[in-house]
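Examination of the molecular architecture
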Amino acid sequence: MRSLSSKFADPLPSHALLLLRVIVATTLIARCFQFERNGALLHTIAPQVIAAGAGLFGLFGLWTSVAGVILAISELLIVFSQGHDPWTSLLLSGLGVALALLGPGPWSLDARRSGWKRIEIRPPNN
């Protein structure tokens, strides 16, 4: 799993990856609550619930690569199974693939679990 996680030397891309995870998870959870509030049946919102669960895992950076793949698959299932505008689901599916390929980044539970280490090189004491 360590080879799949991203290792950015500069802190700016790692903050951007955290922002991407937060935006994707917030969108998925809000959309799930929107369908639930409209009174949709369970079998019609099951893919949204699965995607929101994957979004939660992605938000915390826990099993990010697996969550990204599950997110992409569930969003593609939503595109082909439901008769609404597919563009949001296609965008979220692409973002799920991007999260799966980029990995969790240093601001995640996977980073702590997988053993992200910080090496500090100190000047020699003379």
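The present account deals with the structure reproduced in this document. Position labels on residues start from 1 in each chain and follow its written sequence. Predicted model: local features are reported for residues with pLDDT of at least 70 only, side-chain atom pairs are reported and counted for 80 or more only, and whole-chain, interface and lining totals are derived from all residues. Computation of side-chain values: all heavy atoms of the structure, hydrogens and water removed.

Comments concerning the packing of helix α3 (residues 64-81) against helix α4 (residues 87-102)
To obtain each axis, a line is fitted to C-alpha atoms, and for helices this fit is confined to the stretch in contact; angles are then taken between N-to-C directions over 0 to 180 degrees. Under the scheme used here, helices are H or I runs from DSSP no shorter than 4 residues and strands are E runs no shorter than 2 residues, and both carry numbers assigned from the N terminus. Packing of α3 against α4 leaves a shortest axis separation of 7 Å and a crossing angle of 160°. With respect to each other, α3 and α4 are oriented roughly antiparallel. Here the hand of the crossing between α3 and α4 comes out left-handed. For the pair formed by α3 and α4, the contact residues are T64, S65, G68, V69, L71, A72, E75, L76, I78 and V79 on the first element and S89, L90, L92, S93, G96, V97, L99 and A100 on the second. Residue polarity follows a fixed list, in which Ala, Val, Leu, Ile, Met, Phe, Trp, Tyr, Cys and Pro are nonpolar, Asp, Glu, Lys and Arg are charged, and the others, Gly among them, are polar. Classifying every residue of the contact of α3 with α4 gives 11 nonpolar, six polar and one charged. Angles below 35 degrees are treated as roughly parallel, those above 145 as roughly antiparallel, those between 65 and 115 as roughly perpendicular, and all remaining angles as oblique. Should the near helix be turned anticlockwise from the far one by less than a right angle, the crossing is termed left-handed; should it be turned clockwise, right-handed. Residues count as neighbours in contact if any of their non-hydrogen atoms are within 4.5 Å of one another.

Thoughts on α3
For α3, with 18 residues, the first-to-last C-alpha span of 25 Å sits near the 26 Å given by 1.5 Å per residue. Think of it in three bands: residues with accessible area under 20% of the maximum for their type are buried, residues over 50% are exposed, and the middle band is partly exposed, with areas taken using a 1.4 Å probe on protein chains only. T64, S65, A67, G68, L71, A72, S74, E75, I78 and V79 are the residues of α3 that are buried. Multiply 1.5 Å by the residue count of a helix minus one, and that product is the helix's expected span.

So, the environment of C32
Within the element layout of this structure, C32 appears in helix α1 (residues 11-37). Since its relative accessible area comes to 12%, C32 is described here as buried. With 14 residues separating them in the primary sequence, C32 and A46 have C-alpha atoms 9.2 Å apart. The contacts of C32, once residues within four sequence positions are left out, are Q48, V49 and A52.

Quick word on a nonpolar patch on the surface
Nonpolar side chains collect at one region of the surface, where I50, F57, W63, V66 and I70 lie side by side and expose about 450 Å² of accessible area between them. Broken down by secondary-structure element, the contributors of at least two residues to the nonpolar patch are α2 (42-60) and α3. Looking at the element boundaries, I50 is found in helix α2. For patches, a residue must show more than 30% relative accessible area and have no salt bridge; joins then use 9 Å for like charges and 5 Å for nonpolar side chains, namely Val, Leu, Ile, Met, Phe, Trp and Tyr. Each accessible area is a Shrake-Rupley estimate made with a 1.4 Å probe; only the visible protein chains count as cover when residues are assessed. For salt bridges, the criterion is a side-chain nitrogen of Lys or Arg within 4 Å of an Asp or Glu carboxyl oxygen.

These values are about where atoms sit, not about what they do.
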